[in-house]
Amino acid sequence: LESLLEAARAQDKALGIVFIDVDHFKNVNDTYGHRTGDAVLRMVGQNLAHGLRGTDVPIRWGGEEFLAILPGVTPEALRFVAERLRMLVEHSWLEVEGEQLRVTISAGAVRVADDETVEQALDRADRLMYDSKHAGRNLVIAEDGPVKRREDGTKQLHISPRPPKQTGLRGA
């Protein structure tokens, strides 16, 4: 993380951090078992990876926590991307025992200030994530407050798919 911050600062760009926690994850493990819990974590991780730009970095932080690192992000784009990640997870599911198992995430989103360390920014993002849990979960809170959901009147979120990875194989 320090190297990402140094690179962003060398280019005079901000570094955004989204601190993400899967809501009620213990209940998933307790109800469906650890194998299903692991599948849920993979699903969440895949949603995060697919919802980010090519320059962004998704990280499994530990347990049911993830980070999304966004170099060169504006405050508006940070809020937009964090909300997109929340929506992607909310609208995804796993098929378990013939039923759809859905989870949600709570997130805190910050940009690293010029005078702070990555650890200080992580602490701020973590506190905002906990604020989103205390506010009811399935919510993103940024430095300037809760991020409005699309149904609250924000603009439509358009998710551009990542281009397929080049495998070196060419069609006949």
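Right above here is the structure, for reference.
Visitor: I'd like a description of the side chain of Ser92, backed by residues and values.
Guide: Along the chain, Ser92 turns up in the loop between α4 (75-90) and β4 (94-96). Within the structure, the side chain of Ser92 is placed 3.0 Å from the side chain of Asn47, a separation counted as a polar contact. Not counting residues up to four positions away in its chain, the partners in contact with Ser92 are Met43, Asn47, Leu101 and Arg102.

Visitor: Explain helix α2 (residues 25-32) to me, and be specific about the residues and the numbers.
Guide: Along α2, the residues classified as buried are Phe25, Val28 and Asn29. All buried residues of α2 project into a common sector of 95° when viewed along the axis, lining one side. Those residues of α2 that are exposed and aimed more than 90 degrees away from the buried face are Lys26, Asp30 and Thr31. Elements that come into contact with the buried residues of α2 comprise β1 (15-22), α3 (34-50) and β5 (99-101). Just beyond α2, the residue with positive phi is Gly33, at close to 95°.

Visitor: With reference to specific residues and values, describe the sheet that holds strand β7 (residues 140-142).
Guide: By way of backbone hydrogen bonds, the strands of a sheet pair with one another, either parallel or antiparallel. Pairing within the open sheet is mixed, and its six strands lie in the order β2-β3-β1-β6-β7-β8. Each edge of the open sheet is held by one strand with a lone partner, namely β2 (57-62) and β8 (145-146). The pairing of β1 with strand β3 (residues 65-71) spans seven bridges and is classified as antiparallel. From the neighbouring strand, Ile17 faces β3, where its bridge partner is Ile69. Helix α5 (residues 118-134) contacts β1, β2, β3, β6 (105-111) and β7 of the sheet and is inclined by roughly 145° relative to β6.

Visitor: Kindly report on the nonpolar core, identifying the contributing residues and their values.
Guide: The biggest cluster of nonpolar side chains holds 31 residues, and the ones touching the most others in it are Val18, Ile20, Val22, Val40, Val44 and Val103. For this core, the secondary-structure elements that each account for two or more residues are β1, α2, α3, β3, α4, β4, β6 and β7. Leu15, Ile17, Val118 and Ala125 belong to the second largest nonpolar core, which has 15 residues in total.

Visitor: So what about the packing of α3 against α4? Which residues, and what values?
Guide: Between α3 and α4, whose axes approach to 9 Å, the crossing angle comes to 140°. As far as their axial angle goes, α4 and α3 are oblique. Seen from above, α3 lies across α4 with right-handed handedness. Of the residues in α4, those touching α3 at Val44, Asn47 and Leu48 are Leu85, Leu88 and Val89. Here the contact of α3 with α4 is built from residues that sort into five nonpolar, one polar and no charged.

Visitor: Go over the pattern of salt bridges, please, and point to the residues and values.
Guide: One pass over the full model with this rule turns up nine salt bridges. Lys133 serves as the salt-bridge partner of Asp21, at 2.8 Å between the closest nitrogen and oxygen. You can see Asp21 sitting in strand β1 and its partner Lys133 sitting in helix α5, a full 112 residues away along the chain. Residue Asp21 shares its accessibility class with Lys133, and that shared class is buried. Through salt bridges with shared partners, a single network forms among Asp21, Asp23 and Lys133.

Visitor: Please set out the pairing of β2 residue by residue, giving values where relevant.
Guide: Sheet topology places β2 next to β3; five bridges connect them, and they run antiparallel. Within the sheet, the bridge partner assigned to Gly62 lies in β3 and is Glu65.

Conventions we followed
Residues numbered from 1 in each chain as written. Predicted model: local features only at pLDDT ≥ 70, side-chain atom pairs only at ≥ 80, totals over all residues. Heavy atoms only, no water. Helix = DSSP H or I, 4+ residues; strand = E, 2+ residues; numbered from the N terminus. Polar contact = N/O pair within 3.5 Å; in protein donor to acceptor, adjacent residues only side chain to side chain. Contact = heavy atoms within 4.5 Å. Buried < 20%, exposed > 50% of the residue type's maximum accessible area, 1.4 Å probe, protein only. Arc of directions from axis to C-beta. Pairing = 2+ DSSP bridges. Axes fitted to C-alpha atoms, helices over the stretch in contact; angles between N-to-C directions. Core = buried A, V, L, I, M, F, W, Y, C linked by side-chain atoms within 4.5 Å. Parallel < 35°, antiparallel > 145°, perpendicular 65-115°, else oblique. Left-handed = near helix turned anticlockwise from the far one by under 90°. Nonpolar A, V, L, I, M, F, W, Y, C, P; charged D, E, K, R; others polar. Salt bridge = Lys/Arg side-chain N within 4 Å of Asp/Glu carboxyl O.

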